[in-house]
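Residue-level structural notes
The lines below spell out each chain.
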Amino acid sequence: MTAREEKPIIEMTHVTFSYDAPAEGGAENNDDAALRDVSLIIGAGEFVGVIGPSGAGKSTLASVMSGAIPHHYHGTLYGATLVDGHDTCDVTLTDISQVVGSVLQDIDTQMVASVVEDEMLFGLENFGVPHDQIEARVAQTLETVGISNLRDREIATLSGGQKQKVAIAAILAMRPRVLVLDEPTAALDPASSTLVFETLRKVREEGVTVVVIEQKVALLSEYCDRILVMSKGALVLDGTPREVFSHGDELRRIGVDSPRVARVYNSLAKDGLVAGTAPCLTVPEAEKLITDLVQPETKTSCHVASAEEDARESGFRAGSKHVAAPRPHAEGAEPVVSLEDVSFAYPGGTASVDHLDMRVFPGEVVGIVGQNGAGKTTLTKLLNGLLRPAFGTVRMAGLDTREVPTSAIAAHCATLFQNPDYQLCKDTVLEEVSFGLTLQGVDENDARESAGAVIERFGLPADEAPFSLSRGQRQMVALASVAVMEPEVVLLDEPTSGLDYRECMTVMDTVSDMAERGCAVIMVCHDMEVVSDFAERIVVMANGRILDRGGTLEMFSNAPLMREASVKAPQVIELSEALAHDLSPEFAGISQVSGIVDLTEKMVRRG
Amino acid sequence: MVNVIDYVPGDTLLHRLNPVTKLGIAAAIIIATFLADTYPMLLGLLVLTFALGAYARATSKLVSLLKLLVPLAVVMLLLQTAFVRGGDPVFAWMTTDGLVTGSKACLRLLGVALPLILMLSVTKLNDLANACVEVLHIPYRYAFTFTTALRFVPVFSQEMNAIMEAQTARGVEYDTKNPIRKLQLMLPLCVPLLVSSVGKTDATALAAEQRGFYLRMRESSFKRYPMVGRDMAVLVACVALVVAGVLL
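Residues numbered from 1 in each chain as written. Chains lettered and ligands numbered in written order. Predicted model: local features only at pLDDT ≥ 70, side-chain atom pairs only at ≥ 80, totals over all residues. Heavy atoms only, no water.

As a further point, take the pattern of salt bridges. All names here are of chain A. Enumeration over the complete set of coordinates arrives at 32 salt bridges over all chains. With its nearest N and O atoms 3.1 Å apart, the salt bridge here joins Asp108 to Lys163. Placement of Asp108 in helix α5 (residues 107-110) and of Lys163 in helix α8 (residues 160-172) is noted, with a sequence separation of 55 residues between them. Taking the relative accessible area as the measure of exposure, Asp108 reaches 32% and is therefore partly exposed. (Salt bridge = Lys/Arg side-chain N within 4 Å of Asp/Glu carboxyl O. Helix = DSSP H or I, 4+ residues; strand = E, 2+ residues; numbered from the N terminus. Buried < 20%, exposed > 50% of the residue type's maximum accessible area, 1.4 Å probe, protein only.)

See the structure below:
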């Protein structure tokens, strides 16, 4: 809050904006204002996070701040936006961009050069920075962002995280006073996302104001000092992370996730165990909170509880864990997918996977986790037949993938890709969903009938063009065309990226339903909370190898393994591990918020 | 295929020449190829291209392009033999004249395509754009458009690949052996590709404007691209090459 009293750098008063291209964005928001009556002041030097469900107007807000509205996107704009004291309508986009640097959502389109150094030079040259200062600026900016070693690299050869840093550096070199970023970590794994935020923290320490749109609540709560929550074009909450996340219920209603530890706090507060509205935001904070609650009563000696009691407790805990118990048909059944000693290398030897062994049974949900470049996508392509193993065998629903064409494997194994737009190709949702069936030779009318049923179940508009729908709905259309096939195996590649919390839950619930009906689900996912909520088993990959596989909880609790794979275990599991270690072994093995809350309450009462 | 125009890093004389001079070399070889009418000269020009490629360590680029061009050249040869029917019959419908014209057309096709690719692969696109602006006084706008278009080629082909993979995994038979069927299946995908490319181009325009695109002038470039002695020497050699093309 204090920062806001400093000199404002961006000031928006009663800003309302609607895009006037009814043919396009029209379906997304019925009342057509993308931004309605937004007033806010951003003080110099703040680190502001913006969150909200998709279609809430976050990107529009960023465009208004960066001057792209009104100068690039056309529409109807009311209200005033002052950037450094100048109304954005009165000055040119070029002038605004000397104050506000913006990093676009799709960084590939932002790049103007093919080599990092040239990318850095572009802005400096254009804004007429004296040539004798350019060298020092480039070197210094690369240093700040931590990519001095990449200076002469081709941008095309960089990883996603590196590219993101180049994009940030190229803007930063122009010394803007505000940096606006639109979902900079959407395509990144957790480790690279944290690095990007570390970079932003450093940038902020240099005096630059940072405004970042982000879906990852844990990052926002850790790095930002102010969070804006958007919903349906309006600004609904504005405050410090603690203030914002104390409104857990309201956030959930809007469709915004809260950090799991904040949920623990909010649940305890609801049950009257803690008072106040300042939820904990990190695992150590939560650990301290629970220890303080339990410790005064329970002296350590008193709770080296008997083994039998532990056993009884575990039954109670399993019930409250909400983790799908291993499905009965998973035992003793034939595996529907099996990989035996599979190896594959891309031509050019850039990447490879070695000695992969894995079996998946009908009705299971298996998560595949690991850093970018660990070989997860290669594994999925080996499964659906897009790649053939160089050694070993992949059997998919009884078919050896080396012997049948990919398009034939598709009848048994449906893939949901990270970007739904690659999958969509028809004029209406109905055609799109029935398309897969007709490809498998199902009669046109039957196909439409089954498609119609699935569309109804998913609540999608059957006659709309898929491309006119919002990103989340397009993902649902793609999922519907997977579900209609009733495949034996479903492969999900980052099913939740680019979706907001509510959409993410809808997608995952549908996937769980499919698993209930006996379909084997294999999902590659960076969101460890989603993995721990929905997967029974996980496969941990690093450097093209499977490090280990086993029960979700067992894997996530294995700290050395998680470190080796550079995977960050979900907050709740980290918390329960910490509590089990320092407070009471009873906490071991809890993976859900409710489990922690129930046990804490029980211990407090017992004490 | 995707990376035919990627930069091949190196420090040879060819890399160090002014980008405009490199364009000059490519232009000279291409013009000479059009003007030349004898086998020794046509082959000689191809050999020259490959020698330069080998010198700049870009042979693999040329070979991968050659793989694409040879089928095209063969089709051209067959067509030419079908149209040009003078001279003595050799085999089936082919005649001596047909074979001569046809084979020369093939050599020309290769001789025109390869030098340009070679020069692009030893020049960074930004250097090319900046040098054209500085030396040839081309407006930056055009140079930027040109380099951006080239830069987008691999981006779009990756996009196309991703779309085809997604559709194959859905059961569309892109893995069919029949090339005509494959082409038929590919056509409907042009629409989503076009939609996404228009969006990308718009975003690029915005990003460039937000980084002062409209302020850029001829003097803006940080790097300088003077024409020095070796550039002049090479250009003189280029003129000689064109003259040789006229004579032979």
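Attention shifts here to the packing of aromatic side chains. Counted by the stated rule, this structure contains eleven aromatic pairs over all chains. Ring geometry for Phe17 of chain A and Tyr19 of chain A: centres 5.0 Å apart, planes at 85 degrees, overall edge-to-face. For Phe17 of chain A, a relative accessible area of 1% gives the class buried. With relative accessibility at 35%, the residue Tyr19 of chain A sits in the partly exposed group. With centroids separated by 5.9 Å and ring planes inclined at 35 degrees, the aromatic side chains of Tyr140 of chain B and Phe144 of chain B adopt a geometry described as tilted. Of this pair, Tyr140 of chain B and Phe144 of chain B both sit in helix α7 (residues 140-170), four residues apart, which is roughly one turn of that helix. Owing to a relative accessible area of 12%, Tyr140 of chain B belongs among the buried residues under this scheme. In this structure Phe144 of chain B comes out as buried when scored by relative accessible area, which is 10%. Following the ring pairs from residue to residue traces out a cluster consisting of Phe122 of chain A together with Tyr140, Phe144, Phe213 and Tyr214 of chain B. The ring centre of Tyr39 of chain B lies 5.3 Å from the NZ or CZ of Lys104 of chain B, which sits over that ring. (Phe/Tyr/Trp six-rings, centres within 6.5 Å; stacked < 30°, edge-to-face > 60°. Lys NZ or Arg CZ within 6 Å of the ring centre and 35° of its normal.)

With that settled, the discussion passes to the environment of Asn419 of chain A. Residue and element names in this part refer to chain A. Position of Asn419 relative to the elements: it lies in the loop between β16 (413-416) and α18 (429-439). Asn419 gets classed as partly exposed once you look at its relative accessible area, which sits at 26%. Sequence spacing of Asn419 and Gln475 is 56 residues, and the spatial spacing of their C-alpha atoms is 7.8 Å.

Contacts between the two partners involve 42 residues from chain B, matched on the other side by 55 residues from chain A. Roughly 4,500 Å² is buried in total at the junction of chain B and chain A, and carbon and sulfur atoms are behind 55% of that figure. Considering only the surface of chain B that becomes buried against chain A, Arg170, Arg211 and Phe222 of chain B emerge as the three largest contributors, covering 22% of it. Counting the contacts that link chain B with chain A gives seven salt bridges. Between Lys200 of chain B and Asp106 of chain A there is a salt bridge, with the nearest N and O atoms lying 3.2 Å from each other. Taken together, the links from chain B to chain A amount to 21 residue pairs in polar contact (both at pLDDT 80 or more). Put simply, the parts of the chain that give the side of chain B that touches chain A at least two residues each are α6 (125-135), α7 and α9 (190-210) of chain B. Sorting elements by how many residues they give to the side of chain B that touches chain A places α7 of chain B first, with twelve residues. When the residues that make up the side of chain B that touches chain A are grouped by side-chain class, the tally is 18 nonpolar, nine polar and 15 charged. (Contact = heavy atoms within 4.5 Å. Buried area = accessible area lost by both parts, 1.4 Å probe. Polar contact = N/O pair within 3.5 Å; in protein donor to acceptor, adjacent residues only side chain to side chain. Nonpolar A, V, L, I, M, F, W, Y, C, P; charged D, E, K, R; others polar.)

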